[in-house]
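Structural overview for review
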Amino acid sequence: MKKLLPVLIICAVFFSGCGPKMQKETRFIMDTYVTIQAPGGKEVMPAIEAAFKRLKEINVKFNVLNPDSPFFEFNRTGKPIEDKECVDLIKLSLAQCELTGGAFDITVKPVVELWGFYNNNHRVPKEQELKAAMANVGWRNIAVKNGKIVKLKPGAQIDLGAVAKGYAVGEAVKVLKGAGIKSALVDAGGDIYTIGTNGKKKWSIGIKHPRKEGLLGGLELDPDITVATSGDYERFFEVDGVRYCHIFDPKTGYPAKNGIISITVITTDATLADVYSTALFVMGTKKALEFANTKKTLEVIIVTDKEEILYSDGLKEGLGKK
Ligand code: AMP
Ligand code: MG
């Protein structure tokens, strides 16, 4: 039987102003606003500061567009990467490429670039251009051999946009816990992790509505739960009334349009939450629900292109039930 994640959906989120004293710090990192909050006085600030320092490190290392990232050189010249942290994340990512049937694919970079998502020079490419870019897409073109990340095809390139933020959140959480923090909320633009509770209450978060201002709803989360959302409303452009978003179907090279406009995943590992939100968006409604329903600690909330809201079985069975 499927183990229900300890999560409760509520219709509206009430952010009560009368909780414990809170330290809250927001900084712009990884192309998004990252907020870390923890109940307490000034004594919790060094831990928050250390977590931000770690986030900044990761932001450089795993931002494939930053010349100081080993992935920048790797993408340009194929210079193998030995750094253990990089190797570990690529191993995890490649395993997920396989487990998601290629819906998640860290080699989509040539396609993301062609559609202009790196420099906001958006355009619909010609078939011929797309074909040429797609010739280098495919996670089997990358491997870890003798402890190094290598290209098996010279044109292959890595993009970690769908996984680095989740990984960063997980690392920030490790730093906070390592510094003795028993209660905190880390939110990197929708990639969220809860440590402990917010005083006597659970942490509550809001999920954005993909088409309207404001929230779709809220979630109250137990400790050590992570949430990530992927949607076609985050980064997109429109031509002739057609919306093209930043999440690509690696099989076609086109922005994924498989019935989902937003998917929120709720699970226990921040890196996997990020992977799954992207992968399940690509898979589409039916496969995404099937995928979630086979995993014990994965629940999803989908908004379809008809603006219906669908839930995985664990959420349908009874909210908050153990
Ligand atoms: P997310 O917002 O987590 O869904 O990640 C989207 C980002 O990941 C995009 O901006 C691309 O850089 C990259 N990306 C797009 N499509 C995919 C895909 N199918 N698999 C892996 N990464 C992707
Ligand atoms: Mg993702």
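None of these values were measured; they are calculated from a predicted model. (Residues numbered from 1 in each chain as written. Chains lettered and ligands numbered in written order. Predicted model: local features only at pLDDT ≥ 70, side-chain atom pairs only at ≥ 80, totals over all residues. Heavy atoms only, no water.)

1. Some points on the coordination of the magnesium ion (ligand 2)
Ideal geometry at a metal gives 109.5 degrees between four tetrahedral donors and either 90 or 180 degrees between six octahedral ones. The condition that has to hold: Each metal's donors are the N, O and S atoms found within 2.8 Å of it, except that Na, K and Ca use a 3.2 Å limit; water is left out, so coordination can look incomplete. Secondary structure elements follow DSSP: runs of H or I no shorter than four residues count as helices, runs of E no shorter than two count as strands, and numbering proceeds from the N terminus.
Summarising the metal site, the magnesium ion (ligand 2) is bound by the protein donors Ala162 (O), Asp274 (O), Asp274 (OD) and Thr278 (OG1), whose distances to it range over 2.1 to 2.6 Å. Of note, the donors binding the magnesium ion (ligand 2) are all from one chain and are spaced A-x111-D-x3-T. Here alanine 162 is found in the loop between β5 (148–151) and α6 (164–178), whereas its partner aspartate 274 is found in helix α7 (residues 270–283), with 112 residues between them in sequence.

2. Here's the deal with the site of ligand 1
Inclusion rule: Only heavy atoms are used to decide nearness, and a residue is near a molecule or strand if one of them lies within 4 Å of it. Residues adjacent in sequence count toward polar contacts only when both atoms are side-chain atoms; beyond that, a polar contact is any pair of N or O atoms within 3.5 Å, and within protein one must be able to donate a hydrogen and the other to accept it. Under the scheme applied here, ten amino acids are nonpolar (Ala, Val, Leu, Ile, Met, Phe, Trp, Tyr, Cys and Pro), four are charged (Asp, Glu, Lys and Arg), and all others, including Gly, are polar.
Close contacts around ligand 1 come from 17 residues, with Asp105, Asp159, Ser230, Phe248 and Thr278 the closest. Residue alanine 162 places a main-chain N or O atom 3.2 Å away from an oxygen atom belonging to ligand 1. Histidine 246 is positioned such that a nitrogen or oxygen atom in its side chain is 3.4 Å from an oxygen atom of ligand 1. Among the elements that take part in the shell around ligand 1, α7 stands out by supplying three residues, more than any other. The class makeup of the residues in the shell around ligand 1 is eight nonpolar, four polar and five charged.

3. Remarks on the confidence of the model for the chain
To be explicit about the condition: For every residue, the predictor states its confidence as a pLDDT score lying anywhere from 0 to 100. Whether two residues are in contact is decided by their heavy atoms, any of which lying within 4.5 Å being enough.
When pLDDT is averaged along the chain, the result is 93; 92% of the residues meet or exceed 70. pLDDT under 50 marks residues 10–14. Its contacts with residues more than four places away, or in other chains, come to eleven contacts. Predicted confidence is poor over residues 318–322, with pLDDT under 50, and the contacts of this stretch with residues over four places away or in other chains come to nine contacts.

4. A short note on the pattern of salt bridges
To be explicit about the condition: Salt bridges are defined as contacts in which a side-chain nitrogen from Lys or Arg sits within 4 Å of a carboxyl oxygen from Asp or Glu.
With the rule as written, the count across this model stands at 19 salt bridges. For aspartate 83, the salt bridge is made with lysine 61, and the minimal N-O distance between the two is 3.1 Å. Here aspartate 83, found in the loop between α2 (70–77) and α3 (84–99), pairs with lysine 61, found in helix α1 (residues 45–61); they are 22 residues apart in sequence, far enough to count as distant. Salt bridges here are not isolated pairs; linked through shared partners, they connect Arg54, Glu57, Lys61, Asp83, Glu85, Glu171 and Lys174.

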